[in-house]
Amino acid sequence: MIVVVVLAALASVYVVAGAPIALAVFGVQVLYLLKFRKWWLLAAQAALVYTASVAGGVSTGILGFLAGALLLTSAHRDTARVLAPLVVASAALIDAARGGATADATITVVLVALVVFGLTRLVERAGEMHAARLSLAAAAVGAERLRLAAELNDGLGRSLEVIVDGGRRALAEPDGAAEVLASVTATARAALADARAASANYRATSLAPELVTARAMLDAAGVAVEVRGGHTEPLGPGGALLASVLREAVTDVLRRGTARLCVIETSEQGDKVRLRVVDDGHRTAEGPDFDGLRLEEAGGTLATGLSPTGRFVVEATLPRSPSIEAPPGETGAGDARAPESSAEGERRRFLPRFAGDASYAVSVTVLAAVLVGFSVKALLQLSGALVVPAAACLAVIVVMQLRSVNGRHMVALGVMAVLTYAPVPVFGPVWLGAAGFLAGPVLLAFPRRAAWPAAAAIVASVAGAGMLFGLPAPVLANSTISALVTGLVVYALLRLAQIVKELQAARESLARSAIVEERLRAARDLHDLLGHSLAAILLTCELARRLESPRERIEEIVAMAEGARADLRSVSGEQRELSLAAEVESARTVLSAAGIRVTVEPVEPDLPAEVETVLGTVLREAVTNVLRHSEARHCAITMRADESGLRLRVRNDGARPGETRRGSSGIGNLTTRLAALDGRLTSHADGDRFTLDACVPHRAPLPARIRIEPRPWIEPRPWIEPRP
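Residues numbered from 1 in each chain as written. Predicted model: local features only at pLDDT ≥ 70, side-chain atom pairs only at ≥ 80, totals over all residues. Heavy atoms only, no water.

1. A look at the overall build of the protein
Logical step 1: Looking only at helices and strands, the protein features 20 helices and 10 strands.
Logical step 2: Out of the 724 residues in the protein, the part that is buried amounts to 50%.
Logical step 3: If you sum the accessible surface of the protein, you get close to 33400 Å²; carbon and sulfur atoms cover 58% of it. (Helix = DSSP H or I, 4+ residues; strand = E, 2+ residues; numbered from the N terminus. Buried < 20%, exposed > 50% of the residue type's maximum accessible area, 1.4 Å probe, protein only. Areas by Shrake-Rupley, 256 points an atom, 1.4 Å probe, with all protein chains shown as cover.)

2. Observations regarding unusual backbone geometry
Logical step 1: Within the chain, D678 stands out as a residue other than glycine whose phi angle is a positive 60°.
Logical step 2: By the secondary structure assignment, D678 is in the loop between α20 (666-675) and β9 (680-686).
Logical step 3: Residue class for D678 comes out exposed when judged on its relative accessible area of 66%.

3. Structural notes on the layout of surface pockets
Logical step 1: Space inside the second largest pocket adds up to approximately 1200 Å³.
Logical step 2: D104, K377, Q381, N478 and S482 are the residues nearest the centre of the second largest pocket, which is lined by 40 residues in total.
Logical step 3: Counting only elements with at least two residues in the lining of the second largest pocket, the list comes to α1 (2-16), α5 (77-98), α6 (102-172), α10 (358-379) and α16 (473-546).
Logical step 4: Among the elements that take part in the lining of the second largest pocket, α16 stands out by supplying 8 residues, more than any other.
Logical step 5: A class-by-class count of the residues in the lining of the second largest pocket yields 25 nonpolar, 11 polar and 4 charged. (1 Å grid on protein atoms, 1.4 Å probe; cavity = no way out; pocket = protein on both sides within 12 Å on 5 of 7 lines; lining within 4 Å. Points joined across faces, edges and corners; volume = space filled by probe spheres on them. Nonpolar A, V, L, I, M, F, W, Y, C, P; charged D, E, K, R; others polar.)

4. Some words on helix α19 (residues 609-629)
Logical step 1: With 21 residues, α19 extends 30 Å between its outermost C-alpha atoms, agreeing within 8% with the 30 Å of an ideal straight helix rising 1.5 Å per residue.
Logical step 2: Most of α19 sits out of view: 17 of its 21 residues are buried. (Expected span 1.5 Å × (residues − 1).)

5. A few points about the packing of aromatic side chains
How two aromatic rings sit relative to each other is given by the distance of their centres and the angle of their planes.
Logical step 1: Per the counting criterion, the structure on display carries 3 aromatic pairs.
Logical step 2: Seen from their ring centres, F374 and F437 are 6.3 Å apart, and the 70° between their planes marks the pair as edge-to-face. A residue pair is termed long-range when its members are at least 10 positions apart, and F374 in helix α10 and F437 in helix α14 (residues 435-445) qualify at 63 residues.
Logical step 3: Measuring from ring centre to ring centre gives 6.3 Å for W452 and Y491, while their planes differ by 65°; the resulting arrangement is edge-to-face. (Phe/Tyr/Trp six-rings, centres within 6.5 Å; stacked < 30°, edge-to-face > 60°.)

6. A closer look at a nonpolar patch on the surface
Logical step 1: A grouping of V82, L83 and L86 is seen on the molecular surface, where their side chains present a nonpolar patch of about 270 Å² in accessible area.
Logical step 2: Assignment of secondary structure puts V82 in helix α5. (Patch = residues over 30% accessible without salt bridge, like charges linked within 9 Å, V, L, I, M, F, W, Y side chains within 5 Å. Salt bridge = Lys/Arg side-chain N within 4 Å of Asp/Glu carboxyl O.)

7. Structural notes on the side chain of S90
Logical step 1: Tracing the backbone shows S90 in helix α5.
Logical step 2: Look at S90 and you get buried, because its relative accessible area is 15%.
Logical step 3: Ignoring anything within four residues of it in the chain, the contact list for S90 reads Y50 and L63. (Contact = heavy atoms within 4.5 Å.)

8. Comments concerning the sheet that holds strand β1 (residues 224-228)
Hydrogen bonding along the main chain pairs the strands of a sheet, whether they run parallel or antiparallel.
Logical step 1: One open sheet holds the 5 strands; their spatial order is β1-β2-β3-β5-β4, and the pairing between them is mixed. Of all strands in the sheet, those with a lone pairing partner are β1 and β4 (301-306), marking the two edges. Taken pair by pair, the neighbouring strands of this sheet meet at an average axis angle of 10°, ignoring direction.
Logical step 2: Inspection of the sheet shows strand β3 (residues 272-279) paired to strand β5 (residues 312-319) by 8 bridges, in the antiparallel sense. In the strand pairing of β5, V278 is matched with V313. (Pairing = 2+ DSSP bridges. Axes fitted to C-alpha atoms, helices over the stretch in contact; angles between N-to-C directions.)

9. Overview of α14
Given 3.6 residues to a turn, an α-helix orients residues that are three or four positions apart in the same direction.
Logical step 1: α14 sits mainly inside the fold: 10 of its 11 residues count as buried.
Logical step 2: Those residues of α14 not exposed but buried are A435, G436, F437, L438, A439, G440, P441, V442, L443 and A445.

10. Quick word on the packing of helix α4 (residues 63-71) against α5
Logical step 1: At a closest axis distance of 8 Å, the pairing of α4 and α5 adopts a crossing angle of 170°. The orientation of α4 with respect to α5, classified from their angle, is roughly antiparallel. Remark: the crossing between α4 and α5 carries left-handed chirality. Of the residues in α5, those touching α4 at L63, L66, A67, L70 and L71 are A80, R81, L83, A84, V87, V88, S90, A91 and I94.
Logical step 2: Of the residues in the contact of α4 with α5, the class split is 12 nonpolar, 1 polar and 1 charged. (Parallel < 35°, antiparallel > 145°, perpendicular 65-115°, else oblique. Left-handed = near helix turned anticlockwise from the far one by under 90°.)

11. Observations regarding the pattern of salt bridges
Logical step 1: What the rule picks out here adds up to 14 salt bridges.
Logical step 2: When the shortest N-O distance is used, the salt bridge between E226 and R228 registers 2.6 Å.
Logical step 3: Looking at E226, the relative accessible area reads 34%, which means it is partly exposed.
Logical step 4: A salt bridge links D693 to R649; the nearest nitrogen and oxygen atoms lie 2.8 Å apart. Note that D693 is positioned in strand β10 (residues 689-696) and R649 in strand β8 (residues 645-652), a separation of 44 residues in sequence.
Logical step 5: Given the relative accessible area of 5%, D693 is considered buried.
Logical step 6: For R649, a relative accessible area of 34% corresponds to the partly exposed category.
Logical step 7: The structure contains a network of salt bridges with shared partners spanning E265, R274, R276 and E315.

12. Things to note about the packing of helix α3 (residues 39-55) against α4
Logical step 1: Viewed as axis vectors pointing N to C, α3 and α4 meet at an angle of 155°, and their least axial separation amounts to 8 Å. Taken together, the axis directions place α3 and α4 in an arrangement best described as roughly antiparallel. Between α3 and α4 the crossing geometry is left-handed. In this structure, α3 uses L42, Q45, A46, V49, Y50 and S53 to contact α4, whose residues at the interface are L63, F65, L66, A69 and L70.
Logical step 2: Broken down by class, the residue content of the contact of α3 with α4 amounts to 9 nonpolar, 2 polar and no charged.

Structure below.
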């Protein structure tokens, strides 16, 4: 639209001058630029412009349409770029033969060619950049996956190899099994700690998962919640600290159980990010325990207290990139277990360095060339004594115009307005063309309802000033239309330069966002998949060390380690589908090994793969929590299908009342996974019983129950202590 409007404005100058053939030139130009890049259209354009110029006596500036089209030709590009200067030279010869101002005519042809070429090329580049945004994001994600794979395989992958090799050696040499199992247990414990630390590190750059978790937990507790996210990500290591503040604040709200409303708000203030949590459930100024978070050491602040309206406020601010070590239980970017990048001695960057795009430089160059060309045309019409001050004024205007590319600068606009009208009494009617330089930035600086009337007033002022100077009607019309055309050209070039810059920033932002999402996915998979597998391996290792004949348990360790390798590949970016039936069987095995009685009532619905994977992940996390955070003697796993969807429930006894864990991300991970399927996660405690419910809306018909073969329950041996 911008290109068509500007080309129409350029053609209108020749139509008003008495050359209706310019309408045909305009039509062919639009067809060539926007639809067909065919040689016969170029030939038709050449015939039209030379007929108009040679036979019709039209200004040779019309040849600029042909020169611009030649510059855009992709087929036979070298030939076309040789022909374009020849067209400009022919315009100079034609004008010289007429006895006209050859220099002015040549500059006009060059300007029209630059406008045609510049506008069209900028539009094409904008389209290419927009189309390339997804491929750039995909490339950034691919590079991040390779980095994650190298990082994880170097640490966790090696640990899993040690576990597998140790298990096989223990099976091959039963006499030395005890010593080997001790080494394998230590390796499994270290690997589990590494996986949790890496998961926390990957999550540290984003606050978004904690906002999702907070909303879900407050909703489940019946607390009305408002979340107003006003920050941009990634946050860097500071995200982990703010996530910890949010987690503690929300936990405190839920613990008190008296709040009806909670407002969570994030914003940016300069180079700092602010988190504010407000609730109406406190009666005193006593707040949650934030000991150990060390915000002050990170250059941040933390304040709590009652507001004048009686609401409790937690407010934390933190620089986007604090320069301290990560909080306890988390690793920083330079964790000792993470391999260093190839550039030794440099701080490892979270985001890749994006190469600068030349499109913005091209757009500004074209804009500067057009502005200088218009300025030179004006200077050619002035006498020698006035050229220097006029050139100084135009130079300032050009600089102010180029500043307009980077946003609205009212001071620059004011300077241009003064230099547009103040010199008119000195330079005379020639200076009226400078009004076009002012109209373009005005169209960018204000909303449309104000910008277009203001631009129209500027053009009208040219007509009014021309009448005061007593210009003849044709000259007055030409000056007025030229100011309008100049304004449109300047506006188009400025706007397209801005669009190119915005698209460049947007696609890099999209790539950065994609990297953040990839790191969060890796964090979830590390915690939910690999973390579960390593926890089960560690549990089985400890159990095997207490048995007189641990062969069966060692075989389980090897099998689970092999499965963990597949989990590691999934974390590295390879999609892996989980079998819900296999996860149920694994849960029963792991819980039984810990001395917990298990009852299972599953169904076997015909589930989509993504639903089965998410529910299998929920079951893994639930079983891990039963083992780590309860003294359970019984755990029930049930699945029901009803009109609202599929519901997976895990219920256990032996819950420890009031236990909270700083840095836990399991519930948040599951909430995020279920939210992607429009599902929800709820949990509640009833005395010493804890229930976790996951519901996924799935409208499949009610499935038939599968048959579960009864298993005899074997009481734990006296030397096996019930696992918490």
